[in-house]
Amino acid sequence: MKIPRSCGLAVSKMLDNENVKHIIGEQAEYLLFPALEKYPELGAAFAIKGARNYHYEPNSDEVDYSGIAKELNIDAESIVIPFQEHTATVAEFDDVVRDFKETDGLVTAKRGVTLCTKVADCISLLIYDPVHHAIGNIHSGWRGTLQKIALNGVKKMVEEFDTNPADLVCVLCPSIRQDHFEVDADVYEEFANVFPQIIDEVTIQKGNKYYIDTVRCNTWMLERAGVGAENIIDSGLCTVCHSNLINSFRGNVEAEKHFRNLALIWLKV
Ligand SMILES: [Zn+2]
């Protein structure tokens, strides 16, 4: 296993597990994923809370990314963010279009472009095709999960880069987990309609409340799309359980509910 970089950074054990390394840097606090770190041409990180962190607000032009960019040694100007409107649309980044309205996922094979999604309970999927050197970053909240945006992400990479799904490596960033994703019968019914094959596996019912495992819905979709189960790496972290360290819509206090974590992936120049 690659040793964390040691240029004055403390490696915190607070959120560490076999799939996650928690870094407290000078400018920002973030997570790294060993499954993606093993590719030297690839960069990926998940910026969380932290005393030094900026709080990343959705759809704001005034967010200052310079801290996390400096920390990760990327150009803040290289960060590209889809609007994230809970659609199922995945677009390819090209040099012309930078305003990705009604889009919740981006893919690219361009070096030096940082694909970003902002989340605070929803799942960010970071995807790498190490054969064709192409990346994807998909925002899959529960609405996106119901629209199977993860499948659209894989399909888009197949179309654009001739990706073989079996080559893909997919990391599921921290998100709300089953124990905290409480919904009523109406949302449960939607999941039952879209995922009849696994609805019993992914649901716990307590009285008239339902708890859905949206992580499993996404990993199941990826497996069905041909991604190897061994190449689907879950951070295993619940944003609500760790809302002291990770932004969580359901877990944050009212004044912080608009703050987001940043999922970032890029091909190094
Ligand atoms: Zn939790």
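Residues numbered from 1 in each chain as written. Predicted model: local features only at pLDDT ≥ 70, side-chain atom pairs only at ≥ 80, totals over all residues.

## A short note on helix H4 (residues 149-161)
Taking 1.5 Å as the rise per residue, H4 with 13 residues should run 18 Å; its terminal C-alpha atoms sit 18 Å apart, in good agreement. Among the residues of H4, Ile149, Ala150, Asn152, Gly153, Val154, Lys156 and Met157 are the ones counted as buried. Structurally, H4 contributes buried residues whose contacts are with strand S6 (90-92), strand S7 (105-108), strand S9 (123-129), strand S10 (134-140), helix H3 (142-146) and helix H7 (214-224). Two residues or fewer past H4, Asp162 is found with a positive phi of approximately 60°. (Helix = DSSP H or I, 4+ residues; strand = E, 2+ residues; numbered from the N terminus. Expected span 1.5 Å × (residues − 1). Buried ≥ 20, exposed ≤ 12 C-beta atoms within 10 Å, placed from the backbone. Contact = placed C-beta atoms within 7 Å.)

## Quick word on the sheet that holds strand S14 (residues 209-212)
With respect to topology, three strands assemble into an open sheet ordered S12-S14-S13, the strand pairing being antiparallel. Edge positions in the sheet fall to strand S12 (182-183) and strand S13 (203-206), since each has one partner strand and no second. Of the strand pairs in this sheet, S13 and S14 are connected by four bridges, and their pairing is antiparallel. What sits directly across from Thr203, in S14, is Ile212. (Pairing = 2+ DSSP bridges.)

## Digging into the sheet that holds S6
Strand order in the open sheet made by the six strands is S6-S7-S10-S9-S11-S15, with mixed pairing throughout. At either end of the open sheet lies a strand with only one pairing partner, and these are S6 and strand S15 (232-234). Each strand axis lies, on average, 15° off the axis of its neighbour in the sheet, ignoring direction. By the bridge criterion, four bridges tie S9 to strand S11 (residues 169-172) in an arrangement that is antiparallel. Each residue of the ladder has a partner; that of Leu125, found in S11, is Leu172. (Axes fitted to C-alpha atoms, helices over the stretch in contact; angles between N-to-C directions.)

## Here we look at the nonpolar core
Judged by nonpolar contacts, the single largest core of 72 residues is most densely connected at Cys170 and Leu264. In terms of residues, this core owes the most to one element, strand S16 (residues 261-267), which gives six residues. Excluding anything up to four places from it in sequence, Leu264 contacts Ala44, Ala45, Ala47, Leu72, Thr114 and Cys116. (Core = buried A, V, L, I, M, F, W, Y, C linked by C-beta atoms within 7 Å.)

## Some words on the pairing of strand S3 (residues 29-32)
Residues Glu29 and Leu31 of S3 are buried on one face, and the alternating residues Tyr30 and Leu32, pointing to the opposite face, are buried as well. Two strands pair when backbone bridges link them, and strand S2 (residues 20-24) and S3 are joined in this way by four bridges, in the antiparallel orientation. Considered in S3, the bridge of His22 is made with Leu31. Two successive antiparallel strands, S2 and S3, enclose a turn made up of four residues. In the sheet, S3 pairs with strand S4 (residues 42-47) via two bridges, with the strands oriented antiparallel. Counterpart to Tyr30 in the pairing with S4 is Ala47.

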